[in-house]
Amino acid sequence: MKNFLDLVTERYSARAYSDKKVEQEKIDYILECARLAPSAVNFQPWKFVLVESEEKRTALHACYAQEWFQQAPLYIVVCGDKSQSWTRKRDGHDHADIDAAIATEHICLAAAEVGLGSCWVCNFRPAIVNEVLGLDGETVYPVAIVPLGYATDTPTLKKRKPIEEIVEKM
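A brief report on the enclosed structure follows. (Residues numbered from 1 in each chain as written. Predicted model: local features only at pLDDT ≥ 70, side-chain atom pairs only at ≥ 80, totals over all residues. Heavy atoms only, no water.)

### Concerning the packing of aromatic side chains
Turning to step 1, where the next piece is worked out: Summed over all chains, the structure comprises 5 aromatic pairs.
Turning to step 2, where the next piece is worked out: Consider the rings of Tyr64 and Trp68, whose centres lie 5.9 Å apart with planes at 80 degrees: the pair is edge-to-face. Considered together, Tyr64 and Trp68 belong to a single accessibility category, that of buried residues.
Turning to step 3, where the next piece is worked out: A cation over an aromatic ring shows up here: Arg15 above the ring of Trp68, its NZ or CZ 5.5 Å from the ring centre.
Turning to step 4, where the next piece is worked out: When the ring centre of Tyr141 is taken as reference, the NZ or CZ atom of Lys82 above it lies at 5.4 Å. (Phe/Tyr/Trp six-rings, centres within 6.5 Å; stacked < 30°, edge-to-face > 60°. Buried < 20%, exposed > 50% of the residue type's maximum accessible area, 1.4 Å probe, protein only. Lys NZ or Arg CZ within 6 Å of the ring centre and 35° of its normal.)

And the structure:
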């Protein structure tokens, strides 16, 4: 089994997928990992929409017109739910996006652990996602789309800032 540093080092944003069907056990494992993600005050303000049908996948393609995105055999659309989220009283900051982001990263790391490629996609048209999935877009809204599948591309070297540039000691 890989340690955590190995897993995060090897995980990359896959941008090419085979048409091989993803096994249900792997999907179930990934969704369980997302379900167990931490959230503010443990409110768990998320909804995960698994998009597998050809009809819904094709309709979803209109929200992000990239060829590689359309290759993925399935998508998990991570939604925030403002009716379930915690809001910080001091400044009114709603944590739905933060909590959904944590769950999204759990999805990406769990996918890598079971040998699947993923890519965290935020540059989509929310109105199209809302329409395709029947979301109201106000209370429950898409935060990220994660295409999942067997990656066929080769990972590139990750460019990261040096630790000295991002850590400030006081």
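From this point, things continue past the structure.
### Points about the nonpolar core
Turning to step 1, where the next piece is worked out: Grouped together as the largest cluster of nonpolar side chains are 23 residues, with contacts concentrated most on Leu60, Val77, Val121, Val129, Leu133 and Ile145.
Turning to step 2, where the next piece is worked out: Not counting residues up to four positions away in its chain, the partners in contact with Ile145 are Cys63, Phe69, Tyr75, Ile76, Val77, Cys119, Trp120, Val121, Phe124 and Val129.
Turning to step 3, where the next piece is worked out: By size, the runner-up hydrophobic cluster in this structure holds 20 residues, among which are Val22, Val78, Val146 and Tyr150. (Core = buried A, V, L, I, M, F, W, Y, C linked by side-chain atoms within 4.5 Å. Contact = heavy atoms within 4.5 Å.)

### Examining the pattern of salt bridges
Turning to step 1, where the next piece is worked out: Counted under the stated rule, the structure contains 4 salt bridges.
Turning to step 2, where the next piece is worked out: Here Glu54 makes a salt bridge to Arg57, at a shortest N to O gap of 2.9 Å. On the criterion of helical spacing, the pair formed by Glu54 and Arg57 is a turn pair, its members being 3 residues apart in helix α3 (residues 54-60).
Turning to step 3, where the next piece is worked out: Exposure remark for Arg57: the relative accessible area of 8% places this residue in the buried category.
Turning to step 4, where the next piece is worked out: Close ionic contact of Arg88 with Asp91 constitutes a salt bridge, the shortest N to O distance being 2.9 Å.
Turning to step 5, where the next piece is worked out: Exposure remark for Arg88: the relative accessible area of 32% places this residue in the partly exposed category. (Salt bridge = Lys/Arg side-chain N within 4 Å of Asp/Glu carboxyl O. Helix = DSSP H or I, 4+ residues; strand = E, 2+ residues; numbered from the N terminus.)

### Topic: the packing of helix α2 (residues 24-35) against helix α5 (residues 96-113)
Turning to step 1, where the next piece is worked out: Taken N-terminus to C-terminus, the directions of α2 and α5 make an angle of 145 degrees; their axes are 8 Å apart at the nearest point. The way α2 lies across α5 gives a crossing that is right-handed. Residues Tyr29, Ile30, Cys33 and Ala34 of α2 pack against Ala103, His106, Ile107, Ala110, Ala111 and Glu113 of α5.
Turning to step 2, where the next piece is worked out: Considered class by class, the residues forming the contact of α2 with α5 number 8 nonpolar, 1 polar and 1 charged. (Axes fitted to C-alpha atoms, helices over the stretch in contact; angles between N-to-C directions. Left-handed = near helix turned anticlockwise from the far one by under 90°. Nonpolar A, V, L, I, M, F, W, Y, C, P; charged D, E, K, R; others polar.)

### Thoughts on unusual backbone geometry
Turning to step 1, where the next piece is worked out: In this structure, Val41 takes a positive phi of about 55 degrees despite not being glycine.
Turning to step 2, where the next piece is worked out: As for its position among the elements, Val41 is in the loop between α2 and β1 (46-51).
Turning to step 3, where the next piece is worked out: Despite not being glycine, Asn42 has its phi angle at roughly 55 degrees, a positive value.

### Focus: a nonpolar patch on the surface
Turning to step 1, where the next piece is worked out: Residues Ile163, Ile166 and Val167 make up a contiguous nonpolar surface patch of roughly 290 Å² in combined accessible area.
Turning to step 2, where the next piece is worked out: On the secondary structure map, Ile166 appears in helix α7 (residues 163-166). (Patch = residues over 30% accessible without salt bridge, like charges linked within 9 Å, V, L, I, M, F, W, Y side chains within 5 Å. Areas by Shrake-Rupley, 256 points an atom, 1.4 Å probe, with all protein chains shown as cover.)

### A short note on the layout of surface pockets
Turning to step 1, where the next piece is worked out: The space that makes up the largest pocket amounts to roughly 190 Å³.
Turning to step 2, where the next piece is worked out: Breaking the lining of the largest pocket down by element, the ones donating at least two residues are α1 (4-10), α2 and α5.
Turning to step 3, where the next piece is worked out: Considering each element in turn, the lining of the largest pocket owes the most residues, 4 residues, to α5. (1 Å grid on protein atoms, 1.4 Å probe; cavity = no way out; pocket = protein on both sides within 12 Å on 5 of 7 lines; lining within 4 Å. Points joined across faces, edges and corners; volume = space filled by probe spheres on them.)

### Focus on the side chain of Ser18
Turning to step 1, where the next piece is worked out: Looking at the element boundaries, Ser18 is found in the loop between α1 and α2.
Turning to step 2, where the next piece is worked out: Side-chain polar atoms of Ser18 contact the backbone nitrogen of Lys20, separated by 3.2 Å.
Turning to step 3, where the next piece is worked out: Beyond its immediate stretch of four places on either side in the chain, Ser18 contacts Gln71, Pro73, Tyr150 and Thr152. (Polar contact = N/O pair within 3.5 Å; in protein donor to acceptor, adjacent residues only side chain to side chain.)

### As for helix α6 (residues 126-133)
An α-helical turn contains 3.6 residues, so a residue and the one three or four places further along point in the same direction.
Turning to step 1, where the next piece is worked out: Of the positions making up α6, those classed as buried are Val129, Asn130, Val132 and Leu133.
Turning to step 2, where the next piece is worked out: For α6, the elements touching its buried residues are β1, α3, β2 (74-81) and β4 (140-149).

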